[in-house]
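# Secondary and tertiary structure notes
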Amino acid sequence: MYTFDEVAKLLDDIIGKIPIEFLESLNGGIYLLPDFKHNKKIPSDNYWVLGEYCYSPVLGSKIYIYYGSFMALYVDTDIKTIREQLRSTVLHELRHNIERLAGYCDLELADEQFVEKALEQLNVRKDNNGGI
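First things first, this report covers the structure right here in the doc. The residue numbering used here restarts from 1 in each chain and proceeds along that chain's sequence as written. Restriction of local features to residues with pLDDT of at least 70 applies here, the model being predicted, together with a cutoff of 80 or more for giving and counting side-chain atom pairs; totals for whole chains, interfaces and linings are based on all residues. Hydrogen atoms and water are omitted, and side-chain values are computed over all heavy atoms in the structure.

## As for the overall build of the protein
The helix and strand tally for the protein stands at five helices and three strands. Helix and strand labels come from DSSP, where a helix needs a run of H or I of at least four residues and a strand needs a run of E of at least two; each type is numbered from the N terminus. Helices and strands appear in the protein in the N-to-C order α-α-β-β-β-α-α-α. In terms of its C-alpha atoms, the protein occupies a principal-axis envelope of roughly 45 × 40 × 20 Å. The buried share of the protein, taken over its 132 residues, is 35%. Throughout, a residue-residue contact means that at least one pair of heavy atoms, one from each residue, lies within 4.5 Å. Contacts spanning at least 24 positions in sequence make up 63% of the contacts within the protein whose residues lie at least 6 apart. Computed with a 1.4 Å probe, the accessible areas rest on the Shrake-Rupley method; for each residue, only the protein chains presented here act as cover. For the protein, the exposed surface amounts to about 8,600 Å²; the carbon and sulfur share of it is 51%. Exposure categories follow from relative accessible area, calculated using a 1.4 Å probe and restricted to protein chains: below 20% of the type maximum is buried, above 50% is exposed, and the middle band is partly exposed.

## As for helix H1 (residues 4-16)
Take the number of residues in a helix, subtract one, and multiply by 1.5 Å to get its expected span. Its 13 residues give H1 an end-to-end C-alpha distance of 18 Å, which sits within 8% of 18 Å, the value for a rise of 1.5 Å per residue. Residues of H1 that are buried include every one of Val7, Ala8, Leu10, Leu11, Ile14 and Ile15, and no others. End-on, the buried residues of H1 take up no more than an arc of 160°, which puts them together on one face. Turned more than 90 degrees from where H1 packs its buried face, Asp5, Lys9, Asp12 and Gly16 sit exposed. The arc in question is traced by the directions running from the helix axis to the C-beta atoms.

## Some words on the environment of Leu11
Looking at the secondary structure, you find Leu11 in helix H1. On the accessibility criterion, Leu11 (3% relative accessible area) is buried. It is 25 Å that separates the C-alpha atoms of Leu11 and Lys40, two residues lying 29 residues apart in sequence. Among residues more than four places away in sequence, those in contact with Leu11 are Ile30, Leu32, Ile65, Leu86 and Val90.

## Considerations on the pairing of strand S1 (residues 30-33)
Alternating residues of S1 divide into Ile30 and Leu32, all buried, and Tyr31 and Leu33, none buried. Strand pairing requires that DSSP identify at least two bridges connecting the strands. Alignment of S1 against strand S3 (residues 60-66), held across four bridges, turns out to be parallel. Residue pairing in the sheet places Leu32 in a bridge with Ile65 of S3.

## Some points on the sheet that holds strand S2 (residues 51-56)
Spatial ordering of the open sheet is given by S1-S3-S2, a layout of three strands whose pairing is mixed. The sheet terminates laterally at S1 and S2, the two strands that pair on one side only. Neighbour-to-neighbour, the strand axes of this sheet turn through a mean angle of 25°, independent of strand direction. Whenever a helix is involved, its axis is fitted only over the stretch in contact; in every case the axis is a line through C-alpha atoms, and angles between N-to-C directions fall within 0 to 180 degrees.

## What about the pairing of S3?
Across the seven residues that make up S3, a large majority, six, are buried. Relative to S3, S2 runs antiparallel, the two being bridged by six bridges. Each bridged residue has a counterpart across the sheet, and for Ser56 the counterpart in S3 is Gly60. Turn length for the S2-S3 hairpin, with the two strands adjacent in sequence and antiparallel, is three residues.

## Let's talk about the environment of Phe114
By the secondary structure assignment, Phe114 is in helix H5 (residues 106-121). The class of Phe114 is partly exposed, set by a relative accessible area of 48%. When the C-alpha atoms of Phe114 and Val90 are compared, they prove to be 18 Å apart, with 24 residues separating the residues in sequence. If near-sequence neighbours (up to four positions away) are discounted, Phe114 is found in contact with Ile42 and Tyr47.

As C-alpha coordinates, then:
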(Lines give C-alpha, C1' and ligand atoms only; values in the text may rest on other atoms or scores of the structure.)
Protein backbone atom coordinates (compact mmCIF):
# COMPACT_ATOMS: atom_id res chain seq x y z
CA MET A 1 0.00 0.00 0.00
CA TYR A 2 1.21 3.47 -0.84
CA THR A 3 0.89 6.42 1.49
CA PHE A 4 -1.31 9.42 0.85
CA ASP A 5 1.82 11.55 0.36
CA GLU A 6 3.29 9.12 -2.19
CA VAL A 7 0.08 9.18 -4.22
CA ALA A 8 -0.11 12.98 -3.86
CA LYS A 9 3.39 13.26 -5.39
CA LEU A 10 2.34 11.04 -8.29
CA LEU A 11 -0.76 13.19 -8.79
CA ASP A 12 1.28 16.40 -8.75
CA ASP A 13 3.63 14.95 -11.35
CA ILE A 14 0.74 13.88 -13.58
CA ILE A 15 -0.93 17.29 -13.33
CA GLY A 16 2.38 18.99 -14.07
CA LYS A 17 2.55 17.22 -17.42
CA ILE A 18 -0.91 18.32 -18.58
CA PRO A 19 -0.82 21.37 -20.86
CA ILE A 20 -1.94 24.45 -18.94
CA GLU A 21 -4.59 25.22 -21.56
CA PHE A 22 -6.54 22.16 -20.42
CA LEU A 23 -6.36 23.19 -16.77
CA GLU A 24 -7.15 26.92 -17.01
CA SER A 25 -10.93 26.49 -16.91
CA LEU A 26 -10.64 24.10 -13.97
CA ASN A 27 -10.70 27.02 -11.55
CA GLY A 28 -11.42 24.91 -8.46
CA GLY A 29 -8.35 22.73 -8.91
CA ILE A 30 -7.67 19.03 -8.48
CA TYR A 31 -7.78 17.56 -4.97
CA LEU A 32 -6.64 14.26 -3.55
CA LEU A 33 -9.05 13.30 -0.78
CA PRO A 34 -8.42 10.50 1.74
CA ASP A 35 -11.97 9.19 1.26
CA PHE A 36 -13.36 5.90 -0.01
CA LYS A 37 -16.35 6.33 -2.27
CA HIS A 38 -18.71 3.75 -3.76
CA ASN A 39 -20.82 4.37 -6.83
CA LYS A 40 -24.24 5.16 -5.35
CA LYS A 41 -25.99 4.11 -8.56
CA ILE A 42 -24.68 0.54 -8.31
CA PRO A 43 -25.82 -1.55 -5.31
CA SER A 44 -22.51 -3.33 -4.80
CA ASP A 45 -19.41 -2.68 -2.71
CA ASN A 46 -17.23 -3.65 -5.69
CA TYR A 47 -17.68 -0.43 -7.67
CA TRP A 48 -15.38 2.31 -6.41
CA VAL A 49 -15.44 5.95 -7.49
CA LEU A 50 -11.82 6.84 -8.20
CA GLY A 51 -12.44 10.40 -9.31
CA GLU A 52 -15.25 12.88 -9.61
CA TYR A 53 -15.75 16.03 -11.67
CA CYS A 54 -17.80 18.67 -9.90
CA TYR A 55 -19.27 21.79 -11.46
CA SER A 56 -21.20 24.60 -9.85
CA PRO A 57 -22.17 27.87 -11.53
CA VAL A 58 -21.12 29.62 -8.31
CA LEU A 59 -18.02 27.66 -7.28
CA GLY A 60 -16.76 26.62 -10.70
CA SER A 61 -15.11 23.37 -11.76
CA LYS A 62 -12.98 21.00 -9.72
CA ILE A 63 -11.87 17.41 -9.64
CA TYR A 64 -11.69 15.10 -6.64
CA ILE A 65 -9.47 12.02 -6.64
CA TYR A 66 -10.27 9.47 -3.92
CA TYR A 67 -7.12 8.04 -2.38
CA GLY A 68 -9.11 5.55 -0.26
CA SER A 69 -10.86 4.15 -3.32
CA PHE A 70 -7.54 3.79 -5.15
CA MET A 71 -6.00 1.93 -2.25
CA ALA A 72 -9.05 -0.32 -1.86
CA LEU A 73 -8.93 -1.25 -5.52
CA TYR A 74 -5.15 -1.30 -6.06
CA VAL A 75 -3.86 -2.27 -2.60
CA ASP A 76 -1.38 -4.88 -3.90
CA THR A 77 -0.55 -3.18 -7.19
CA ASP A 78 2.81 -1.86 -8.28
CA ILE A 79 3.43 1.89 -8.43
CA LYS A 80 3.52 1.93 -12.24
CA THR A 81 -0.05 0.59 -12.44
CA ILE A 82 -1.28 3.03 -9.80
CA ARG A 83 0.34 5.89 -11.72
CA GLU A 84 -1.32 4.77 -14.97
CA GLN A 85 -4.73 4.44 -13.31
CA LEU A 86 -4.32 7.77 -11.56
CA ARG A 87 -3.41 9.44 -14.86
CA SER A 88 -6.34 7.79 -16.62
CA THR A 89 -8.71 8.95 -13.88
CA VAL A 90 -7.45 12.54 -13.98
CA LEU A 91 -7.79 12.67 -17.77
CA HIS A 92 -11.27 11.14 -17.60
CA GLU A 93 -12.46 13.75 -15.11
CA LEU A 94 -10.75 16.55 -17.01
CA ARG A 95 -12.58 15.43 -20.13
CA HIS A 96 -15.86 15.97 -18.29
CA ASN A 97 -14.84 19.61 -17.81
CA ILE A 98 -13.80 20.06 -21.44
CA GLU A 99 -17.01 18.48 -22.72
CA ARG A 100 -19.12 20.69 -20.44
CA LEU A 101 -17.38 23.77 -21.87
CA ALA A 102 -17.99 22.52 -25.41
CA GLY A 103 -21.63 21.64 -24.76
CA TYR A 104 -21.14 17.90 -25.15
CA CYS A 105 -22.12 15.07 -22.83
CA ASP A 106 -20.58 12.03 -24.56
CA LEU A 107 -18.59 10.99 -21.51
CA GLU A 108 -21.62 11.38 -19.24
CA LEU A 109 -23.51 9.06 -21.57
CA ALA A 110 -20.61 6.57 -21.53
CA ASP A 111 -20.59 6.69 -17.72
CA GLU A 112 -24.34 6.01 -17.68
CA GLN A 113 -23.81 3.05 -20.02
CA PHE A 114 -21.16 1.73 -17.64
CA VAL A 115 -23.69 1.88 -14.79
CA GLU A 116 -26.35 0.16 -16.93
CA LYS A 117 -23.93 -2.63 -17.82
CA ALA A 118 -22.91 -3.09 -14.18
CA LEU A 119 -26.57 -3.29 -13.12
CA GLU A 120 -27.19 -5.83 -15.85
CA GLN A 121 -24.21 -7.94 -14.71
CA LEU A 122 -25.48 -7.77 -11.14
CA ASN A 123 -28.92 -8.77 -12.40
CA VAL A 124 -30.49 -5.62 -10.92
CA ARG A 125 -33.63 -4.40 -12.59
CA LYS A 126 -34.80 -0.81 -12.72
CA ASP A 127 -38.42 0.12 -12.04
CA ASN A 128 -40.49 2.15 -14.52
CA ASN A 129 -39.23 5.41 -13.00
CA GLY A 130 -35.55 4.56 -13.53
CA GLY A 131 -34.97 3.61 -9.90
CA ILE A 132 -33.71 0.31 -8.60
